[in-house]
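The chain contents come next:
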Amino acid sequence: MSEAAEFDVPFLLGMMHLHEAHTLDTPARLADWIEARLDEGLHWFDHADIYGGREGERRFGEALRERPALAARVRVVTKADIVLPELDTSPHGVKHYDTSPDYLTAAVEASLARLNVERLDHFLIHRPDPLMEAEATAETLDRLVDSGKVGAVGVSNFLPEQWRRLQRAMRHPLTAHQLQLSLAHAEPLFDGLYDALRNDGQRPMAWSPLGGGTVFEDVLGSSLERLARELGASRGGIALAWLRRIPGRPVPVIGTLREPRIRELLRDGEVALDRATWFALLEEARGHRVA
């Protein structure tokens, strides 16, 4: 199965707030929740080692230990290279990035252990590191893929020359790119970033696809409300449908863990938007007419 086919799903389930979910605070409850999502055809779960100070990965892994049969059904994305101040062992206690071979290798091993999986389906470098030694980082990523511990590698929040410098030193392709993209943040469609990552064969994953709720505010929110009534869909579903109308079908990474909300977005995210409606929403989101 190609990477494009693997990601032909309505959205990825973002685990950023898992550590805050009081209704999923036991392994059994979370295992029930994961199994329900899998039964709905939602098998991709997006993690990062910093989410909840590593608590998100740990909770997820405990749920898989509670119900081992789920491990073979889940697909996991995780990210690393951000070192939070509370995890910095230096005297500075400073947030920083670390793409050194030892750090990335240890990060993958730690995520595998916390998540209780044998392989990370996708491993992404979370943020560009200005101190990255491209050849050393490339060799590390290639070795992780060769080992079978990582299925594929990619990047998040990189600019073209940043990922190309890394890619030139690698044997394996950077297959995915997680970027901020939504009606509330459409700049990558106009500044060349989106076209660049597609030209280089990276599958786009859109984080914050609802703009942290800002798409529901002001004039844009009113338009989404009107369309929701006309189309018999939810406002959030239409905002996701706007994303998926873009060539390359960026895969949204949604942040909600609430089951009714997930079902609503699953039902409405494939609403068909014609070209004029797509541009009308874009104009209202940007606050000016298309040039």
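Preceding block: the structure.
The following refers to the structure shown.

Criteria and cut-off values
- Residues numbered from 1 in each chain as written.
- Predicted model: local features only at pLDDT ≥ 70, side-chain atom pairs only at ≥ 80, totals over all residues.
- Heavy atoms only, no water.
- Helix = DSSP H or I, 4+ residues; strand = E, 2+ residues; numbered from the N terminus.
- Rg over C-alpha atoms; globule rule 2.2 N^0.38 Å.
- Lys, Arg positive; Asp, Glu negative; His and termini not counted.
- Charge placed at Lys NZ, Arg CZ, Asp CG, Glu CD.
- Expected span 1.5 Å × (residues − 1).
- Buried < 20%, exposed > 50% of the residue type's maximum accessible area, 1.4 Å probe, protein only.
- Arc of directions from axis to C-beta.
- Polar contact = N/O pair within 3.5 Å; in protein donor to acceptor, adjacent residues only side chain to side chain.
- Contact = heavy atoms within 4.5 Å.
- Pairing = 2+ DSSP bridges.
- Axes fitted to C-alpha atoms, helices over the stretch in contact; angles between N-to-C directions.

**Concerning the overall build of the protein chain**
- Scanning the protein chain from N- to C-terminus turns up 11 helices and 10 strands.
- Relative to its length of 291 residues, the protein chain is compact, with a C-alpha radius of gyration of 19 Å against a globular reference of 19 Å.
- Referenced to the eigenvectors of the C-alpha coordinate spread, the extents of the protein chain come out at roughly 55 × 45 × 45 Å.
- Charged side chains in the protein chain number 35 positive and 45 negative. The centres of these two groups are separated by 4 Å.

**With respect to helix H8 (residues 218-231)**
- In a regular helix each residue adds 1.5 Å, so 14 residues correspond to 20 Å; H8 covers 20 Å between its end C-alpha atoms and thus fits that length.
- For H8, every residue scored as buried is listed here: Leu-220, Gly-221, Ser-223, Leu-224, Leu-227 and Ala-228. Down the axis of H8, the smallest arc covering the buried residues is 160°, so these residues share one side. Opposite the packed face of H8, turned more than 90 degrees from it, sit the exposed residues Asp-218, Val-219, Arg-229 and Glu-230.

**Brief notes about the side chain of Arg-37**
- One can find Arg-37 in helix H2 (residues 27-39).
- Residue Arg-37 is classed as buried on the basis of its relative accessible area, which comes to 0%.
- Separated by 2.9 Å, the side chains of Arg-37 and Glu-40 make a polar contact.
- The residues touching Arg-37, leaving out its near neighbours within four places in the chain, are Leu-13, Leu-42, Phe-45, Glu-259, Ile-262 and Arg-263.

**Digging into the environment of Leu-265**
- If you trace the backbone, Leu-265 turns up in helix H10 (residues 259-268).
- Distance from Leu-265 to Ala-241, taken between C-alpha atoms, is 9.4 Å for residues 24 residues apart in sequence.
- In contact with Leu-265, not counting residues within four places along its chain, are Phe-11, Gly-236, Gly-237, Leu-240, Ile-254 and Thr-256.

**Looking at the sheet that holds strand E3 (residues 75-80)**
- The strand order around the closed barrel built from 8 strands is E1-E2-E3-E6-E7-E8-E9-E10, with neighbouring strands paired in parallel fashion. Within this sheet the neighbouring strands show an average axis-to-axis angle of 30°, counted without direction.
- With 5 bridges joining them, strand E8 (residues 174-180) and strand E9 (residues 203-207) adopt parallel strand pairing. In the strand pairing of E9, Ala-176 is matched with Arg-203.
- In the packing of helix H9 (residues 235-244) onto the sheet, the strands contacted are E9 and strand E10 (251-254), and the crossing angle to E10 comes to about 145°.

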